[in-house]
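Spelled out, the chains give:
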Amino acid sequence: MCAPALAHAFGFEEVAERAKAEAAEPYRASTVALPSELAQLDYDQTRDIRFRPERALWRRDGLPFELMFFHLGGYHTEPVRVHEITPEGVRPVGFDPKDFDYGKNRLSPSRWPDIGLAGFRVHYALNTPAYKDELAVFLGASYFRALGGGQRYGLSARGLAIDTVGAPREEFPRFKEFWIERPAAGATSLTIYALLDSPRASGAYRFTLHPGAQTRVDVKAALYLRAGVSTLGIAPLTSMFQHGENNPRRGEFRPEVHDSDGLAIAAGDGAGGSEWLWRPLVNPSRALVSSFAVAELKGFGLMQRDRAFSNYEDVEARYELRPGAWVVPEGDWGPGRVQLLQLPTPDETHDNIVAHWTPDRMPPPGEPLAFAYRLHFQGDAQQRPPNGWTLQSRLGRGYAKLAPDEFQYVVDFAGPALDALAADAAVDAVVTPVANARLIERNAYRNDARGGWRMTLRVQRLDPTQPVELRAFLQHGSHALTETWTTLTPPD
C-alpha cells in the first residue's frame, strides 16, 4: 500500500460528531469522475481486476486479520476513503495500482490520480489455521456481508434503508469513509468504524466482527436525519428467492433456488416469553409488502432453514451452505414493525427480498437516533423457537382434485415439543384466515416418514385478484407446540 501520513486518533464518538455536523449541512454528492476507461468497464472486466494477496494490509506483520481492497470501475464508481487506526494515530490507506492485477484489461493506471477505493474485504483463518478465508465484505452503498465457518456468501446486510416502501423511489445511503483498527497479534475480533451519508441522512457506525462457526457482527449506530422520510429501515437485510418447494418452477432442474427461504420474527409476549412467526418467502408477479407490528422485538432474520443439498442440486452455487442472518436488538427498541418487501425476479442474479425494522416513532431532523444490535450469520445451527418450527411449506394438489379457486397447503413441523408428545396425543391445527380466504378443511397428524408432524389445509380463495393470507400453528390442549406459520400467497 502507499506510505501513509500520520493523522489524529479516531473512535465512535469522533465519527458521530462528523455525522451530526454533516447532517446540519446540505447534502453534497460525490463529484469524483472516474477515468473514462474505468467507467466503461463491464461486470466481467471489473471482476478481472484483482487485488494481489501478497500486498494485503497486515500480511507482512503476521496479524490474524488481513485487508484486501476492491478497485473502482464498472458499477462501482463512487470512491470510499479508508483509514487504519494505529497506536500512533490514524493513517490513510491510499490507492496504489501496484496492489492490483489488471488481468486482460488494457488500462493505463500510471496516468490516473489517486482515484480511491471501491471497498474492502476482511480475511481471517476461519476454517483452517493454514489459510485466511474471506470473512466479510464492505462494498457498494451501505452493503456488507459476512461468513461463518463452512458457509458460502448469500444474503447481505445494509447499514440503513430509506423508503423501500411508501415512497415513489428508494434512497440508498452509502458508507463514504471507513476507519479500521489495527488488530493486536492475538486478536479474535476486528473493529470497523464507518461514516454513512445520503441526501436525507447521515450516520456513524461501529462494526465489531467476531469470526466463528456463527460469525457475529456487533453494530452500534447513531443516525441524524436531514429531512423527513416515509420509511426508515433499521438493520436491513437483502436476499434472493427465485423458487422453492412452495412455488416450483417448470423446466428448472434445480428443485429450489434461493439465498433465504423465510422471514423469522421473535416478539415479546408481555410476560417474559416470546411469540415466534415464520413467513415463507415467494417470488411474486408484482411487489408484495407485509408489515408485522411488534411491541417488543426480540429478534428477526432472513433465514436459510433448508440445509439439504438434494433440495437444490446446484454443485456450483451450493445454496444449502448459504447463511441466514439473525438480528438481536441491544436494549429496548420500542414499538414498531418488521417490514418485508418481496419483488419479482426472473433469475438468481437479482436480489428481490428486503426485511428491516421500522420504529413507530421517527426522529425529527437533527435529533439523533441511537441503536445497537447483534447480527449473527448462521449455518446449520440456527436460531429457532424453543418448542417447534416449520420444516417445509408446500402448495399444490395431491391425488384429490381441487376446485379452480382452492389451494392445498402441506406444512411440516419439528421440534422438542412435538417429540415429547405421547403416542396418542391429540394435536389440533389452529388456523386463522387473515385475508381473502375461507378454510374448508384442516388436518394434523404424525409424519412417520421424516418425524415431526404434518398439517394440511384446504382453502378457498375468495377474490382471484388478491393475495391469500393465513396464520396457523399446532396446539395440544391449551399449549402451543410450534411457531406461527403465516403465509401470503399472491394471485397468479
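See the structure above.
One structure accompanies this document, and this report is about it. Worth saying up front: this structure is predicted, and the values here are computed from it rather than measured. (Residues numbered from 1 in each chain as written. Predicted model: local features only at pLDDT ≥ 70, side-chain atom pairs only at ≥ 80, totals over all residues. Heavy atoms only, no water.)

## Examining unusual backbone geometry
Then, number 1: Even without a glycine there, the phi angle at Trp-58 is positive, about 80 degrees.
Then, number 2: At Arg-318, a position not held by glycine, the phi torsion is positive, near 50 degrees.
Then, number 3: Following the sequence through the fold, Arg-318 ends up in the loop between β21 (297-303) and β22 (324-330). (Helix = DSSP H or I, 4+ residues; strand = E, 2+ residues; numbered from the N terminus.)

## Description of the side chain of Asp-261
Then, number 1: Tracing the backbone through its elements, the reader meets Asp-261 in the loop between β17 (257-258) and β18 (262-268).
Then, number 2: The buried charged residue Asp-261 lacks any salt bridge, with Arg-305 as its nearest oppositely charged partner at 6.1 Å.
Then, number 3: From its side chain, Asp-261 meets the backbone nitrogen of Asp-306 in a polar contact 3.0 Å long.
Then, number 4: If we skip the residues at most four places from it in the chain, Asp-261 touches Phe-241, Trp-278, Arg-279, Pro-280, Leu-281, Met-303, Gln-304, Arg-305 and Asp-306. (Buried < 20%, exposed > 50% of the residue type's maximum accessible area, 1.4 Å probe, protein only. Lys, Arg positive; Asp, Glu negative; His and termini not counted. Salt bridge = Lys/Arg side-chain N within 4 Å of Asp/Glu carboxyl O. Polar contact = N/O pair within 3.5 Å; in protein donor to acceptor, adjacent residues only side chain to side chain. Contact = heavy atoms within 4.5 Å.)

## Some words on the pattern of salt bridges
Then, number 1: This model, assessed by the stated rule, comprises 38 salt bridges.
Then, number 2: A salt bridge links Arg-307 to Asp-380; the nearest nitrogen and oxygen atoms lie 3.2 Å apart. Of the two residues, Arg-307 sits in the loop between β21 and β22 while Asp-380 sits in the loop between β25 (369-378) and β26 (389-395), which places them 73 residues apart along the sequence.
Then, number 3: According to the relative accessible area criterion, Asp-380 is exposed, its value standing at 57%.
Then, number 4: Residues Arg-458 and Glu-406 are paired through a salt bridge, measuring 3.0 Å at the closest nitrogen-oxygen approach. Within this pair, whereas Arg-458 is found in strand β30 (residues 453-461), its partner Glu-406 is found in strand β27 (residues 406-414), the two being separated by 52 residues in sequence.
Then, number 5: Given a relative accessible area of 24%, Arg-458 falls into the partly exposed group.
Then, number 6: Classification of Glu-406 by relative accessible area gives buried; the value is 16%.

## Considering the pairing of β18
Then, number 1: Most of β18 is tucked away, with six of its seven residues classed as buried.
Then, number 2: The sheet contact formed by β18 and strand β19 (residues 274-280) spans seven bridges and is antiparallel. Paired with Ile-265 across the two strands is Leu-277, which belongs to β19. (Pairing = 2+ DSSP bridges.)

## Here's the deal with the environment of Leu-117
Then, number 1: Within the fold, Leu-117 resides in the loop between β5 (100-101) and β6 (119-128).
Then, number 2: For Leu-117, a relative accessible area of 2% puts it in the buried group.
Then, number 3: Linking Leu-117 and Phe-144, residues 27 residues apart in sequence, is a C-alpha distance of 15 Å.
Then, number 4: When near neighbours in sequence (up to four residues on either side) are disregarded, Leu-117 contacts Phe-69, Phe-70, Leu-72, Glu-78, Pro-79, Val-80, Val-82, Val-93, Phe-95 and Phe-100.

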